[in-house]
Amino acid sequence: MKKLLLIMLVLATPFMAMAQLDLGLYGVGGQIGYVMPEGDIENPISFGANLDIGSFGENIDLYAYVNYWGKSYDVGEYYEWSYSILSIAAIARYPFEMQGSLKPYAGAGLGFEIASWDSKYTGPTYGGYITAADYDYSDSSTDLGIHLLGGAEMEINEKMTGFGEVRYTISDVDYFGIYVGVTYSLGK
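Residues numbered from 1 in each chain as written. Predicted model: local features only at pLDDT ≥ 70, side-chain atom pairs only at ≥ 80, totals over all residues. Heavy atoms only, no water.

Caption draft 1: Expanded view of the overall build of the chain. A count of helices and strands for the chain gives one helix and eight strands. If you list the helices and strands of the chain from N to C, you get α-β-β-β-β-β-β-β-β. Here the chain holds 188 residues, and the buried ones make up 31% of them. Taking all contacts inside the chain whose residues are at least 6 apart in sequence as the whole, residues at least 24 apart take part in 57%. Looking at the chain as shown, the accessible area adds up to about 11200 Å², and 63% of this sits on carbon and sulfur atoms. (Helix = DSSP H or I, 4+ residues; strand = E, 2+ residues; numbered from the N terminus. Buried < 20%, exposed > 50% of the residue type's maximum accessible area, 1.4 Å probe, protein only. Contact = heavy atoms within 4.5 Å. Areas by Shrake-Rupley, 256 points an atom, 1.4 Å probe, with all protein chains shown as cover.)

Structure follows, in structure tokens:
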């Protein structure tokens with residue numbers, strides 16, 4: 001997977017050099033989402049921030065997202081698990097030209113998926129020879145994630161834009177999410 005991403009980056013580099021890149025902090029905002037991860041993890045709520053960081057040529061808008069979600073749940077009779085992901089991603093969005101105030105877009109991006117998990121044993125300790133702590137386990141990992149998304153935005157007023165989107169993240173734990181949020185314009 002990482003080799004494929006490296007090959008794509010190498011192939012895209014000449015085109016990126018030819019395009020006009022306009023980077024800056026043009027907007028800040030927040031978002032909330034409903035996440036559906038793979039496996040036994042129940043569906044949590046996601047909270048995050050979004051940044052409008054410019055454009056790539058005339059037709060590609062650049063954004064950055066920081067999202068967090070976590071969930072605690074039971075596995076079997078004697079184990080409690082908790083799992084969380086902090087996602088930091090750079091996203092390129094292609095807006096479709098439409099009449100009216102609703103502006104749909106499609107996009108993709110790359111990001112870091114920082115996952116942590118913890119399991120606790122809550123069952124019997126068999127006469128004190130084995131403690132519950134002997135079965136406790138926690139760890140974390142950082143993985144490269146691919147974000148695929150589609151959505152629409154609508155101007156709320158001169159300074160604020162609302163958006164709704166669906167996002168699919170391919171990483172160590174794949175997950176699908178539905179997000180809504182607002183971005184406050186800082187001007188271009």
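Continuing now.
Caption draft 2: Representation of the environment of Pro37. By the secondary structure assignment, Pro37 is in strand 1 (residues 21-37). Other than its neighbours up to four places away in sequence, Pro37 contacts Glu42, Asn43, Pro44, Trp69, Val173, Asp174 and Tyr175.

Caption draft 3: Spatial organisation of the sheet that holds strand 4 (residues 79-95). Overall, antiparallel pairing links the eight strands, which are arranged 1-2-3-4-5-6-7-8 in a closed barrel. Taking each pair of neighbouring strands and ignoring which way they run, the sheet shows an average axis angle of 25°. When strand 1 meets strand 2 (residues 45-56), the two strands line up antiparallel, connected through 11 bridges. In the sheet register, Gln31 faces strand 2, and the bridge partner there is Gly48. (Pairing = 2+ DSSP bridges. Axes fitted to C-alpha atoms, helices over the stretch in contact; angles between N-to-C directions.)

Caption draft 4: Just the pairing of strand 1, in detail. Sheet topology note: the strand 1/strand 8 (residues 175-185) ladder contains 11 bridges and is antiparallel. By the bridge assignment for strand 8, Gly30 is matched with Val182.

Caption draft 5: Representation of the nonpolar core within the structure. In terms of nonpolar packing, the biggest core is built from 11 residues, these being Val35, Ile41, Trp69, Tyr73, Tyr83, Ile85, Ala115, Trp117, Val173, Tyr175 and Tyr179. Mapped by element, the contributors of at least two residues to this core are strand 3 (60-75), strand 4, strand 5 (102-121) and strand 8. Those residues in contact with Tyr73 that sit more than four places away from it in its chain are Asp40, Ile41, Glu42, Tyr79, Glu80, Trp81 and Tyr83. By size, the runner-up hydrophobic cluster in this structure holds seven residues, among which are Tyr63, Tyr65, Tyr105 and Phe163. (Core = buried A, V, L, I, M, F, W, Y, C linked by side-chain atoms within 4.5 Å.)

Caption draft 6: Expanded view of the pairing of strand 6 (residues 137-155). Pairing between strand 5 and strand 6: 18 bridges, direction antiparallel. Across the sheet, the residue bridging to Glu113 is Asp143, located in strand 6. Note that strand 6 and strand 7 (residues 160-170) share 10 bridges and pair antiparallel. Across the sheet, Ala152 pairs through a bridge with Gly164, a residue of strand 7.

Caption draft 7: Molecular detail of a nonpolar patch on the surface. Nonpolar side chains collect at one region of the surface, where Ile32, Tyr34, Ile45, Phe47, Leu148, Val166, Tyr168, Phe176, Ile178 and Val180 lie side by side and expose about 840 Å² of accessible area between them. When contributions to the nonpolar patch are tallied by element, the ones reaching two or more residues are strand 1, strand 2, strand 7 and strand 8. A per-element tally of the nonpolar patch places strand 8 first, with three residues. (Patch = residues over 30% accessible without salt bridge, like charges linked within 9 Å, V, L, I, M, F, W, Y side chains within 5 Å. Salt bridge = Lys/Arg side-chain N within 4 Å of Asp/Glu carboxyl O.)

Caption draft 8: Just the pattern of salt bridges, in detail. Scanning all chains against the criterion turns up two salt bridges. One salt bridge connects Glu153 with Arg93, and the closest N-O pair in it is separated by 2.8 Å. Of this pair, Glu153 sits in strand 6 while Arg93 sits in strand 4, and the two are 60 residues apart along the sequence. The burial state of Glu153 is the same as that of Arg93; both residues are buried. Ionic pairing is found between Arg167 and Glu165, a salt bridge with its closest N-O pair at 2.7 Å. Overall, the relative accessible area of 3% leaves Glu165 in the buried class.

Caption draft 9: How the structure looks around the side chain of Glu113. Looking at where Glu113 falls in the secondary structure, it is placed in strand 5. With no salt bridge to any partner, buried Glu113 finds its closest opposite charge in Arg167, at an N-O distance of 8.2 Å. In terms of polar contacts, Glu113 uses its side chain to reach the side chain of Tyr175, at 2.8 Å. Not counting residues up to four positions away in its chain, the partners in contact with Glu113 are Ile85, Leu86, Ser87, Ser141, Thr142, Asp143, Gly145, His147, Thr169, Ser171 and Tyr175. (Lys, Arg positive; Asp, Glu negative; His and termini not counted. Polar contact = N/O pair within 3.5 Å; in protein donor to acceptor, adjacent residues only side chain to side chain.)

As far as function goes, none of this settles anything; it's purely spatial.
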